[in-house]
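Below, each chain spelled out in residue letters.
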Amino acid sequence: MKSRILLLLINLASLKADQTPFSKNTADPGHLCCNKLFESLPSKVHLPGSVEYERQQYDYYSLQQAELQPSCRVTPTTSSDVSLIMKTVTTNLCPFAVRSGGHSAWPGSNVQGGVTLDLSQLTIIDIDEKRGTVGLGPGSRWKAVYAAMEQYNLTVVGGRSPNVGVGGFMLGGGISLLSFRRGFGCDNIVNYEIVLADGTILDVNATSHSDLFWALKLGSTNYGIVTRSTTREELQVIIIGGGDEIVSVWHASLDSVPGASLTDTPTIADSTRTTSLLNLVGDLQSSAFVETGRRRTYTLTVKLDAPFLWDVFKHAKDIFDKLEYVSGMHWYLIYQPITKGFPIKSSETGGSPFKVFWKSPMTT
């Protein structure tokens, strides 16, 4: 067993296999929808036992997600596909789930016995230099987004982990290495293309369906399925950052001169350097953040208070030190400071539901 304190500082297509549809006589609503979708989108519906079904099932961050077995997985490639799927599952009352990157630690982007919409083929990265925006498909991963934009000396207020999907990040607020400069990822959205439960496709922004636009910034999939997020571009930034291998301390700074070390403890290894956002998030690819396994995640947001945070660590250590004998178990304590700079830049950039909660600097 190993323990680590992770301190995040922010200054910081489809493979088609031979498939046979389910019996049309089954009363199972999941099977019913899968049959109907197979008739309309045969190359995009993947049944248990097919190569693509098994590949998608394997590609989850959490084993709790992968263990759920949907009746079929559907991989839309257009918003029209998503519209057809939504009409089918809502009309026939079929249970369904939606996955973009599949990076959540708890079940939610997979379903038992229903239909899983896998958005991994909605990966458009449409850079519009004249308008200063980029349109992103929900299935795009941040590593691919940063690599595409770096060619134009551009970047975006996006995720810190390379394999996180755009969809979940943008619909969950989105803490970025650029948040001190531009607020949360969702603050920089200028338009959502969304498919509603009845299959209607809408463009949602500050002047069209503005109430829905506001709600989507923390709305997850509760209001519909977003098939494209258009966000503001940023000029490429050079970041001083990396990791100190003492405990796992990750830090990044937009300053041109490196700041003082976060600790006086000698490091075993130090990857801190001047680099691009693409390269820095690549470091996290091999860090503790991306280990796979069965997960339990709990969060608590409190007012910033150093003694309290040390108390949390001490109590956690008391609990988990007694479980040192359990092979393969790891525990992590992640501190995410949320300082005054976040709401200030959030309001300047566009604002989001987050401002309802701001009282003082906090940590999660």
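Along each chain, residues carry numbers from 1 onward, in the same order as the chain's sequence is written. At least 70 in pLDDT is required for a residue's local features to be given in this predicted model, at least 80 for side-chain atom pairs to be given and counted, and no such filter applies to totals for whole chains, interfaces and linings, which use all residues. With hydrogens and water stripped out, all remaining heavy atoms of the structure feed into the side-chain values.

Q: Any details on the overall build of the chain? Residues and values, ideally.
A: What counts as a helix is a DSSP run of H or I of at least four residues, what counts as a strand is a run of E of at least two, and both are numbered from the N terminus. Each helix and strand counted, the chain has 11 helices and 19 strands in total. Counting over 364 residues, the chain shows a buried share of 50%. Methods summary: accessible areas were calculated by the Shrake-Rupley approach with a probe of 1.4 Å, and residue burial reflects only the protein chains presented. For the chain, the exposed area adds up to about 17700 Å²; of that, 55% sits on carbon and sulfur atoms. Relative accessibility decides the category of a residue: with a 1.4 Å probe and only protein chains considered, values under 20% of the type maximum give buried, values over 50% give exposed, and everything between is partly exposed.

Q: Account for the pairing of strand β6 (residues 125-128), naming residues and giving values.
A: The criterion for strand pairing is that DSSP finds at least two bridges linking the strands in question. Pairing analysis gives four bridges linking β6 to strand β7 (residues 133-136), with the strands arranged antiparallel. Looking across to β7, one finds that Asp126 is bridged to Gly135. Between β6 and the antiparallel strand that follows it, β7, lie four residues; Gly132 among them carries a positive phi value of about 70°.

Q: Give a detailed account of the state of the cysteines, specifying residues and quantitative values.
A: Only a pair of cysteine sulfur atoms within 2.5 Å counts as a disulfide in this structure description. If you walk through the whole model with that rule in mind, you get two disulfides. There is a disulfide in this structure between Cys33 and Cys94, and the S-S distance comes to 1.7 Å. Looking along the S-S bond of the Cys33-Cys94 disulfide, the torsion reads about 85°, which is the right-handed sense. A residue pair is termed long-range when its members are at least 10 positions apart, and Cys33 in helix α1 (residues 29-40) and Cys94 in the loop between α4 (79-91) and β4 (96-99) qualify at 61 residues. Neither residue differs from the other here; Cys33 and Cys94 are each classed as buried. For the chain, numbering the cysteines in disulfides from first to last along the sequence yields the connectivity 1-4, 2-3.

Q: Quick one: what's the story with the sheet that holds β4, residue by residue and with numbers?
A: Pairing is mixed across the open sheet formed by four strands, whose spatial order is β2-β3-β5-β4. Both outer strands of the open sheet, β2 (45-46) and β4, are each paired with one neighbouring strand and no more. In this fold α1 packs onto β2, β3 (72-74) and β5 (115-118), with an angle of close to 45° to the strand it touches most, β5. Residue contacts are counted whenever heavy atoms from the two residues lie within 4.5 Å of one another. Helix axes are fitted to C-alpha atoms over the stretch in contact, other axes to C-alpha atoms as well, and angles between N-to-C directions run from 0 to 180 degrees. Against the sheet, α4 engages β3, β4 and β5, with an angle of about 165° to β5.

Q: Just give me the short version of unusual backbone geometry, but keep the residues and values in it.
A: Residue Asn153 is not a glycine yet carries a positive backbone phi of 60°. Topologically, Asn153 is positioned in the loop between α5 (142-150) and β8 (154-155). Despite not being glycine, His209 has its phi angle at roughly 60°, a positive value. Mapping His209 onto the fold places it in the loop between β10 (201-204) and α8 (210-216).

Q: Provide a residue-level description of α4, including the pertinent values.
A: With 13 residues, α4 extends 18 Å from end C-alpha to end C-alpha; this agrees with the ideal 18 Å at 1.5 Å per step. Among the residues of α4, Ser79, Asp81, Val82, Ser83, Ile85, Met86, Thr88 and Val89 are the ones counted as buried. Of the residues flanking the end of α4, it is Leu93, one or two places downstream, whose phi is positive at about 55°. One fewer than the residue count of a helix, multiplied by 1.5 Å, yields its expected span.

Q: Describe the sheet that holds β6, naming the residues involved and giving the relevant values.
A: Remark on secondary structure: sheet strands pair via backbone hydrogen bonds, oriented parallel or antiparallel. One open sheet holds the five strands; their spatial order is β6-β7-β11-β9-β10, and the pairing between them is antiparallel. Edge positions in the open sheet fall to β6 and β10, since each of these has one partner strand only. Neighbouring strand axes in the sheet, compared pairwise and without regard to direction, differ in orientation by 15° on average. Strands β9 (189-195), β10 and β11 (225-232) of the sheet are contacted by α4, whose axis makes an angle of about 45° with β9. Each of β6 and β7 is contacted by α5, which is oriented at about 35° to β6, the strand it contacts most.

Q: Which residues make up the pattern of salt bridges, and what values do they have?
A: Salt bridges are counted wherever a side-chain nitrogen of Lys or Arg sits within 4 Å of a carboxyl oxygen of Asp or Glu. Per the stated rule, a full pass over the model turns up 11 salt bridges. Close ionic contact of Glu52 with Arg55 constitutes a salt bridge, the shortest N to O distance being 2.8 Å. A residue pair is termed a helical-turn pair when its members lie 3 or 4 positions apart in one helix, as Glu52 and Arg55 do in helix α2 (residues 51-58) at three residues. Exposure remark for Glu52: the relative accessible area of 2% places this residue in the buried category.

Q: Help me get a handle on the environment of Arg232, residues and values and all.
A: Counting through the fold element by element, Arg232 comes out in strand β11. Classification of Arg232 by relative accessible area gives partly exposed; the value is 25%. Residues Arg232 and Asp128, 104 residues apart in the sequence, show an inter-C-alpha distance of 9.6 Å. In this view, Arg232 contacts Gly132, Thr133, Val156, Arg182, Asp187, Asn188, Val190 and Thr349; residues no more than four positions away in its chain are not counted. From its side chain, Arg232 meets the backbone oxygen of Asp187 in a polar contact 3.2 Å long. Two N or O atoms form a polar contact when they lie within 3.5 Å of each other; inside protein one atom must be a possible hydrogen donor and the other a possible acceptor, and for residues adjacent in sequence the pair counts only when both atoms belong to side chains.

Q: Residue-level account of the packing of aromatic side chains, with values.
A: Ring geometry is summarised as follows: Phe, Tyr and Trp rings, the Trp one being its six-membered ring, pair when their centres sit within 6.5 Å, and such pairs are stacked at plane angles under 30 degrees, edge-to-face over 60 and tilted between the two. Under the defined criterion, the tally for this structure stands at six aromatic pairs. Aromatic side chains Trp142 and Phe169 sit 5.1 Å apart centroid to centroid with 70° between the ring planes, which places their arrangement in the edge-to-face category. Residue Trp142 is found in helix α5, and its partner Phe169 is found in helix α6 (residues 166-170); the two are separated by 27 residues along the sequence. By the burial criterion, Trp142 is buried, and Phe169 matches it. Two limits define a charge over a ring: the Lys NZ or Arg CZ must be within 6 Å of the ring centre, and within 35 degrees of the ring normal. The ring centre of Tyr60 lies 4.5 Å from the NZ or CZ of Arg99, which sits over that ring. The ring centre of Tyr61 lies 3.7 Å from the NZ or CZ of Arg295, which sits over that ring.

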